[in-house]
Amino acid sequence: MSKILLVEDEDKLRRVLKLYLENEGYSVDEAKDGEEAINLFSPLTHSLIILDVMLPKRDGWSVLRTIRKDSDVPVIMLTARGEEDDKLFGFDLGVDDYVVKPASPREIVARTRAILKRVKKTDESEGILIDKSAREVRVNGHTIDLTLKEFELLLYLYEHKNIAISREQILDAVWGYEYYGDLRTVDTHIKNIREKLGDYRDYIQTVRGFGYKFEVKK
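Conventions adopted
Every residue gets a number counted from 1 within its own chain, in the order that chain's sequence is written. Restriction of local features to residues with pLDDT of at least 70 applies here, the model being predicted, together with a cutoff of 80 or more for giving and counting side-chain atom pairs; totals for whole chains, interfaces and linings are based on all residues. Only hydrogens and water are removed before side-chain values are computed, so all heavy atoms of the structure are retained for them. Stacked, tilted and edge-to-face are the three classes applied to pairs of Phe, Tyr and Trp rings, where Trp contributes its six-membered ring and a pair requires centres within 6.5 Å; stacked means planes under 30 degrees apart, edge-to-face means over 60, and tilted covers the rest. A simple rule labels every residue: compare its accessible area, found with a 1.4 Å probe on the protein chains alone, to the largest value its type can have, and call it buried under 20%, exposed over 50%, or partly exposed in between. Runs of E in the DSSP output that reach at least two residues are strands. Runs of H or I that reach at least four are helices, and both are numbered from the N terminus. Note on contacts: a residue pair is in contact if any heavy atoms of the two residues lie within 4.5 Å. Two N or O atoms form a polar contact when they lie within 3.5 Å of each other; inside protein one atom must be a possible hydrogen donor and the other a possible acceptor, and for residues adjacent in sequence the pair counts only when both atoms belong to side chains.

**Q** What should I look at first to understand the packing of aromatic side chains in this one?
**A** Two descriptors summarise a pair of aromatic rings, namely the distance from one centre to the other and the angle between the planes of the rings. One pass over the full model with this rule turns up 3 aromatic pairs. Taken together, a centroid distance of 5.2 Å and an interplanar angle of 75 degrees make the contact between Tyr-200 and Tyr-203 edge-to-face. Accessibility expressed as a relative area gives 7% for Tyr-203, which makes it buried. Between Tyr-203 and Phe-214, the ring centres sit 5.8 Å apart and the planes meet at 80 degrees, which makes this aromatic pair edge-to-face. Placement of Tyr-203 in the loop between α8 (184–197) and β10 (204–207) and of Phe-214 in strand β11 (residues 211–214) is noted, with a sequence separation of 11 residues between them. A single burial state applies to Tyr-203 and to Phe-214, both of which are buried. In textbook terms, an aromatic cluster arises when at least three aromatic residues are bridged by ring pairs, as seen for Tyr-158, Tyr-200, Tyr-203 and Phe-214.

**Q** Teacher, can you tell me more about the environment of His-189 here?
**A** Mapped onto the fold, His-189 is located in helix α8. The exposure class of His-189 is buried, given its relative accessible area of 17%. Separated by 38 residues in sequence, His-189 and Phe-151 have C-alpha atoms that sit 9.7 Å apart. Apart from the residues within four sequence positions on either side, His-189 is in contact with Lys-149, Glu-150, Leu-153 and Trp-175. Among the polar contacts made by the side chain of His-189, one reaches the main-chain carbonyl oxygen of Thr-185 at a distance of 2.9 Å.

Put into structure tokens, the structure is as follows:
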């Protein structure tokens, strides 16, 4: 079950969209303003965001900029404006799809389903499929046995594909800011994950003297 973050300040529309998404089999977290959306969002949990542009406290563009600093999670933007310039601006920020309001909940669900299906196909083409909702990793169609922290670490690197991430950043993101363990904890978990990835172990690259990077080998 994929988890969706639904960010919409109109109560009635948010309730209806949540109902349609849940009927489709998705789990839904709700936010009614931009600040709540940023506080709720987790790259380790949410598979897609449905984000309204006009929000209290922080608008959708500001929320999107913040999220894109740490995650390439798919985003569907809801907007009352359908002008080309607005759409181009959104695509430059990293929007995956646009829905101009008023739109039917069925259309939004269909676009959600299409994007998640496309993301899954892309992952499968790389030989590794990471299922956030099931907390499961499959390599060439076979499920591999990962501990919770191994899964969260692999997912974190995968969500930041092609970006070098320091050991300190990984420790904070996966174990939490209050964790006072040794940085070698990260190295040990990386070693275990590589062993379990088999032929795909080289997807996790060591950045000498710094940390690690997930990069798909062609």
